[in-house]
Amino acid sequence: CARAPQGGQRMSYFERALIVIMLVGALAGLAGVLVVLRKRVLFAQALTHATFPGAVIATILGVSLQIGALIACVSLAIILSFLSRIRGQGTQAASGVMLTAGFAAGVLLQAMNPSIPIQIDSFLFGSILSATWVDGLVAGIALVAVIASLLIWGKQILFFLFDAEAFGATGAKSWMVDAVLLLITTVAVVAALPAAGAILAIALIAAPAAAARYFTDKINVMFWLAPTLGALAGVAGLLISRWLGVSAGASISLVAATIFFVAWGTFTMRRPAQIGASA
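Here the structure is a predicted model, which is why all the values come from computation and not from measurement. (Residues numbered from 1 in each chain as written. Predicted model: local features only at pLDDT ≥ 70, side-chain atom pairs only at ≥ 80, totals over all residues. Heavy atoms only, no water.)

Novice: Tell me about the overall build of the protein chain, and please be specific about residues and values.
Specialist: Assigned secondary structure in the protein chain consists of 10 helices and 0 strands. In the protein chain, the succession of α and β elements from N to C terminus is α-α-α-α-α-α-α-α-α-α. Looking at the protein chain residue by residue over its 279 residues, the buried ones come to 46%. Partitioning the contacts of the protein chain with sequence separation of at least 6, the portion at a separation of at least 24 is 74%. Here the protein chain has roughly 14500 Å² of accessible surface; of this, 68% comes from carbon and sulfur atoms. (Helix = DSSP H or I, 4+ residues; strand = E, 2+ residues; numbered from the N terminus. Buried < 20%, exposed > 50% of the residue type's maximum accessible area, 1.4 Å probe, protein only. Contact = heavy atoms within 4.5 Å. Areas by Shrake-Rupley, 256 points an atom, 1.4 Å probe, with all protein chains shown as cover.)

Below, the structure is given as structure tokens:
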């Protein structure tokens, strides 16, 4: 009788991509809840685009792309924190300026060093099908770190998110909680960037969390629903891209957007019924 092959079959690149995008989607969805509640979606988008110069510099120096992206994210977060404190300036305006300036700086550096292997298209949409186990490991560690942060500082974070003035009035240090939120956002962006790219990363951060907020008004539910929707968007988009033979990054982004619009439509149709019932 025939014997089974020893050692088993190696996992295909597509199966590996499915696991990595599940981890990235869950991480982005979980961090996205904090981003949406803090109203810092534009800030997160600025982080994703402003990592481009950091990635270019890291490639020129021959170090990890994620190290360069992390340094760029931390630098941008510090700059934005100072700009947002200037009278008459808000985080949204500063984020918009840094988004365009950071990405333009990356394009300029890439043009001055045409031999480096970073292309704008791959940076924006990522290369999830060529994701490695290292990408999955980084996303998994980041996911565990974010969960641990929420378990440790969850009550303080929620208090700060819903009433920052009252939180500060208790004598607590608001800047420390804000720093934790910035760090969580940075970790999610940097961990998702190599496999997901800038556009897919912000799509998975914003859309699942915003959809979860329409589906439920309970924070505890949002914290598990958003990661679930993020992982679902990643897996569904990847499967659709294979079925239709289209870009995986674009397909995942469109699925995430579709989830958001379904949630928004459900909320819109449900709201008049609730108003009528209360009347």
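Novice: Kindly report on the packing of aromatic side chains, identifying the contributing residues and their values.
Specialist: In the structure shown here, the tally under the stated rule is 5 aromatic pairs. Relative to phenylalanine 267, the ring of tyrosine 214 lies with its centre 5.2 Å away and its plane at 45 degrees, an arrangement referred to as tilted. Here tyrosine 214, found in helix H8 (residues 174-215), pairs with phenylalanine 267, found in helix H10 (residues 248-278); they are 53 residues apart in sequence, far enough to count as distant. With a relative accessible area of 25%, phenylalanine 267 lands in the partly exposed category. One residue, arginine 242, lies across the ring of phenylalanine 14, its end atom 4.2 Å from the ring centre. (Phe/Tyr/Trp six-rings, centres within 6.5 Å; stacked < 30°, edge-to-face > 60°. Lys NZ or Arg CZ within 6 Å of the ring centre and 35° of its normal.)

Novice: How would you sum up H8? Please name residues and give values.
Specialist: When the terminal C-alpha atoms of H8 are compared, their 29 Å separation across 42 residues is substantially less than the 62 Å that a helix rising 1.5 Å per residue should span. For H8, the principal kink sits at alanine 196 and spans about 120 degrees. Taking burial as the measure, the 42 residues of H8 include 31 buried ones, the bulk of the element. (Expected span 1.5 Å × (residues − 1). Bend = angle between axes of the 7 residues up to and from the residue.)

Novice: Residues and numbers for helix H9 (residues 219-244), please.
Specialist: Between its first and last C-alpha, H9 extends 36 Å over 26 residues, near the 38 Å set by a 1.5 Å rise per residue. Just past H9, the residue glycine 245 takes up positive phi, approximately 70 degrees.

Novice: Break down the packing of helix H2 (residues 41-61) against H8 for me, citing the residues and quoting the values.
Specialist: Viewed as axis vectors pointing N to C, H2 and H8 meet at an angle of 70 degrees, and their least axial separation amounts to 9 Å. It follows from the interaxial angle that H2 and H8 lie roughly perpendicular. Where H2 approaches H8, its residues Val41, Phe43, Ala44, Gln45, Leu47, Thr48, His49 and Thr51 are matched on the opposing element by Leu182, Thr185, Thr186, Val189, Leu193, Ala198, Ala201, Ile202 and Ala206. (Axes fitted to C-alpha atoms, helices over the stretch in contact; angles between N-to-C directions. Parallel < 35°, antiparallel > 145°, perpendicular 65-115°, else oblique.)

Novice: Before we move on, could you go through the packing of helix H6 (residues 133-162) against H8 and cite the residues and values that matter?
Specialist: Between H6 and H8, the least distance of the axes is 10 Å, while the angle of their chain directions is 160 degrees. For the element pair H6 / H8, the angle class is roughly antiparallel. Handedness of the crossing formed by H6 with H8: left-handed. Residue-level contacts link Asp135, Val138, Ala139, Ala142, Val146, Ser149, Trp153, Gln156, Ile157, Phe160 and Leu161 of H6 to Ser174, Val177, Asp178, Val180, Leu181, Ile184, Val187, Ala191 and Pro194 of H8. For the contact of H6 with H8, a count of residues per class yields 15 nonpolar, 3 polar and 2 charged. (Left-handed = near helix turned anticlockwise from the far one by under 90°. Nonpolar A, V, L, I, M, F, W, Y, C, P; charged D, E, K, R; others polar.)

Novice: Break down the side chain of threonine 185 for me, citing the residues and quoting the values.
Specialist: Position of threonine 185 among the secondary structure elements: in helix H8. With a relative accessible area of 8%, threonine 185 lands in the buried category. Threonine 185 has contacts with Val35, Phe43, Ala44 and Leu47, leaving out every residue within four places of it along the chain.

Novice: An account of a nonpolar patch on the surface is needed here, citing residue identities and associated values.
Specialist: Residues Ile57, Ile60, Leu61, Val63, Ile67 and Ile71 make up a contiguous nonpolar surface patch of about 560 Å² in total accessible area. When contributions to the nonpolar patch are tallied by element, the ones reaching two or more residues are H2 and helix H3 (65-84). When residues in the nonpolar patch are grouped by element, the largest group, 3 residues, is from H2. Checked against the element boundaries, isoleucine 57 lands in helix H2. (Patch = residues over 30% accessible without salt bridge, like charges linked within 9 Å, V, L, I, M, F, W, Y side chains within 5 Å. Salt bridge = Lys/Arg side-chain N within 4 Å of Asp/Glu carboxyl O.)

Novice: Residues and numbers for the side chain of serine 253, please.
Specialist: With respect to the secondary-structure elements, serine 253 resides in helix H10. Of the polar contacts made by the side chain of serine 253, one reaches the backbone oxygen of glycine 249; its length is 3.0 Å. If sequence neighbours within four positions are ignored, serine 253 has contacts with Ile199, Leu200 and Ala203. (Polar contact = N/O pair within 3.5 Å; in protein donor to acceptor, adjacent residues only side chain to side chain.)

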